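What follows is the residue order along each chain.
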Amino acid sequence: MSADRFADLPDGIRLCHRTRGESDGVPLVLVSGLACDLTWWPEALLDGLADRGFRVVHFDNRDCGRSTTVDATPPSTWRQLLARPRSDAYTLADMAEDTVGLMDHLGIEQAHLVGGSMGGMIAQTVAATHPQRVRTLTSMLSTTGATKIGQPARSTLWKLLKPPAGTRQESVARHLAMVRHLAGTAFPVDEATETALAEGVWDRAGGDEAGPRNARQIQAIQASGDRTAQLRRITAPTLVVHGDRDLIVHPSGGRATAQAIPGARHVTVPGMGHHFAAGAVPHLVDLITQHTQHASAEQGAQS
């Protein structure tokens, strides 16, 4: 496990990041989901990708973990429910610029980009707006921003609307309850691993109140609207991965993403929910590796 390092970006955002693998490995950047810090990516996935020859970069998005907490009023609950973002909201485009800024800081000209959930939306935006920086795109458990698809189940929505936890113990209990709800049917939850993850997330954030930070990230998604037209401009070879038991981003979001991106391949993982369970990790590592290798072979044949 590498140590936390920090990148100060030109826009004033400071991103906390870690790397895994050899320094001369093929750059692969992982973009985390809503309210998920860099530890969201399972150790087995990080190690698996590093063992395949990648230099893996993962980081805390703004308003998460040890990265910059944005000094802006969060949207109220009613604004979130009605999808009416404040005029000072940042967007997925701003978070995409953060990702590119981190690549600049690390001297990465071009990378394989892998994003999960909101991270998939950010990675899609990078691929659409900075095509020369993206070798391949893998979008997992994500959607297009269109309001009629990719929406959470009502049972999930009510859980998301609960006030944030006020103590470490409550935060861990909330995390375990949410993971059990989202995990799907095919892959059991490792409660010891999830408990340690939740404790680490609380400790890394110093116990700071997560509610306002999470609300600003939700607002970023809402402020970005339907990005379907933007996705049609993506030229990077794209893999879209979704579980058929996803209760927070309905599988229709994955299907719509693959339909919008020219030439995208869509893979459904039976029984997987909105969770990178240990049992699913080997398959995900294989999918990502095969996708990048196939794209590289095709690009080599064309050159």
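In case you missed it, the structure is sitting above this.
Residues numbered from 1 in each chain as written. Predicted model: local features only at pLDDT ≥ 70, side-chain atom pairs only at ≥ 80, totals over all residues. Heavy atoms only, no water.

A. Spotlight on the overall build of the protein. The secondary structure content of the protein amounts to 11 helices and eight strands. The globule rule puts the C-alpha radius of gyration for 303 residues at 19 Å, and the 18 Å found for the protein is close to it. In the protein, 76% of the contacts between residues at least 6 apart in sequence involve partners at least 24 apart. (Helix = DSSP H or I, 4+ residues; strand = E, 2+ residues; numbered from the N terminus. Rg over C-alpha atoms; globule rule 2.2 N^0.38 Å. Contact = heavy atoms within 4.5 Å.)

B. Focus on the nonpolar core. By size, the foremost hydrophobic cluster in this structure holds 38 residues, and its most contacted members are Val29 and Ile234. When residues of this core are traced back to their parent elements, those giving at least two are strand S3 (26-31), strand S4 (54-59), helix H3 (92-105), strand S5 (111-116), helix H4 (118-129), strand S6 (134-140) and helix H10 (251-260). Setting aside residues up to four positions removed in sequence, Val29 forms contacts with Val57, Phe59, Thr99, Met103, Ala111, His112, Leu113 and Val114. Residues Val56, Ala280, Leu287 and Ile288 belong to the second largest nonpolar core, which totals 27 residues. (Core = buried A, V, L, I, M, F, W, Y, C linked by side-chain atoms within 4.5 Å. Buried < 20%, exposed > 50% of the residue type's maximum accessible area, 1.4 Å probe, protein only.)

C. Quick peek at the environment of Val26. Tracing the backbone shows Val26 in strand S3. Separated by 85 residues in sequence, Val26 and Ala111 place their C-alpha atoms 7.5 Å apart. Once residues within four sequence positions are removed from consideration, Val26 is found in contact with Gly53, Phe54, Arg55, His112 and Arg135.

D. Here's a closer look at empty space enclosed by the protein. Scanning all chains against the criterion turns up one cavity of 30 Å³ or more. By volume, the largest cavity amounts to about 30 Å³. (1 Å grid on protein atoms, 1.4 Å probe; cavity = no way out; pocket = protein on both sides within 12 Å on 5 of 7 lines; lining within 4 Å. Points joined across faces, edges and corners; volume = space filled by probe spheres on them.)

E. View of the side chain of Thr136. Note that Thr136 resides in strand S6. Within the structure, the side chain of Thr136 is placed 2.7 Å from the side chain of His112, a separation counted as a polar contact. (Polar contact = N/O pair within 3.5 Å; in protein donor to acceptor, adjacent residues only side chain to side chain.)

F. A look at H3. For H3, spanning 14 residues, the distance from its first C-alpha to its last is 20 Å, which sits close to the expected 20 Å at 1.5 Å a residue. Two or three places before Ala93, at the start of H3, stands the capping residue Thr91, its side-chain oxygen 3.2 Å from that residue's backbone nitrogen. Backbone geometry just downstream of H3 places Gly107 in the positive-phi region, at approximately 70 degrees. (Expected span 1.5 Å × (residues − 1).)

G. View of the pairing of strand S1 (residues 5-8). When S1 meets strand S2 (residues 14-20), the two strands line up antiparallel, connected through four bridges. Within the sheet, the bridge partner assigned to Phe6 lies in S2 and is Cys16. Between the end of S1 and the start of S2, which pair antiparallel, lie five residues, with Gly12 showing a positive phi angle near 95 degrees. (Pairing = 2+ DSSP bridges.)

H. Highlighting the sheet that holds strand S7 (residues 238-243). The mixed open sheet is built from eight strands, whose spatial order is S1-S2-S4-S3-S5-S6-S7-S8. Sheet topology places S1 and strand S8 (265-269) at the edges, where each strand pairs with a single neighbour. Pairwise comparison of adjacent strand axes, ignoring direction, gives a mean angle of 25 degrees for this sheet. Two elements, S5 and S6, share six bridges in a ladder whose sense is parallel. Bridge assignment links His112 to a residue of S6, and that residue is Thr136. Across the sheet, helix H1 (residues 43-51) touches S2, S3 and S4, and the angle it forms with S4 is around 150 degrees. H4 contacts S3, S5 and S6 of the sheet and is inclined by roughly 145 degrees relative to S5. (Axes fitted to C-alpha atoms, helices over the stretch in contact; angles between N-to-C directions.)

I. Just the pattern of salt bridges, in detail. Evaluated as defined, the whole model comprises 18 salt bridges. Between Arg204 and Asp4 there is a salt bridge; the shortest N-O distance is 3.2 Å. Of the two residues, Arg204 is situated in helix H7 (residues 191-204) and Asp4 in the segment before S1; the sequence distance between them amounts to 200 residues. Between Asp11 and Arg62 there is a salt bridge; the shortest N-O distance is 3.7 Å. Of this pair, Asp11 sits in the loop between S1 and S2 while Arg62 sits in the loop between S4 and helix H2 (77-82); the two residues are 51 residues apart in sequence, bridging distant segments of the chain. The network of salt bridges with shared partners includes Asp4, Arg18, Asp37, Asp60, Arg66 and Arg204. (Salt bridge = Lys/Arg side-chain N within 4 Å of Asp/Glu carboxyl O.)

J. Structural detail: the packing of aromatic side chains. Scanning all chains against the criterion turns up three aromatic pairs. Site record: aromatic cluster; members linked through ring pairs are Trp40, Trp41 and Phe276. When the ring centre of Tyr90 is taken as reference, the NZ or CZ atom of Arg62 above it lies at 4.8 Å. (Phe/Tyr/Trp six-rings, centres within 6.5 Å; stacked < 30°, edge-to-face > 60°. Lys NZ or Arg CZ within 6 Å of the ring centre and 35° of its normal.)

K. Representation of the layout of surface pockets within the structure. Approximately 210 Å³ is the volume attributed to the second largest pocket. What lines the second largest pocket is Pro237, Thr238, Gly263, Arg265, Gln290, His291, His294, Ala295, Glu298, Gln299 and Gln302. By residue number, the principal contributor to the lining of the second largest pocket is helix H11 (residues 281-302), which donates seven residues. Looking at the lining of the second largest pocket residue by residue, the classes come out as two nonpolar, seven polar and two charged. (Nonpolar A, V, L, I, M, F, W, Y, C, P; charged D, E, K, R; others polar.)

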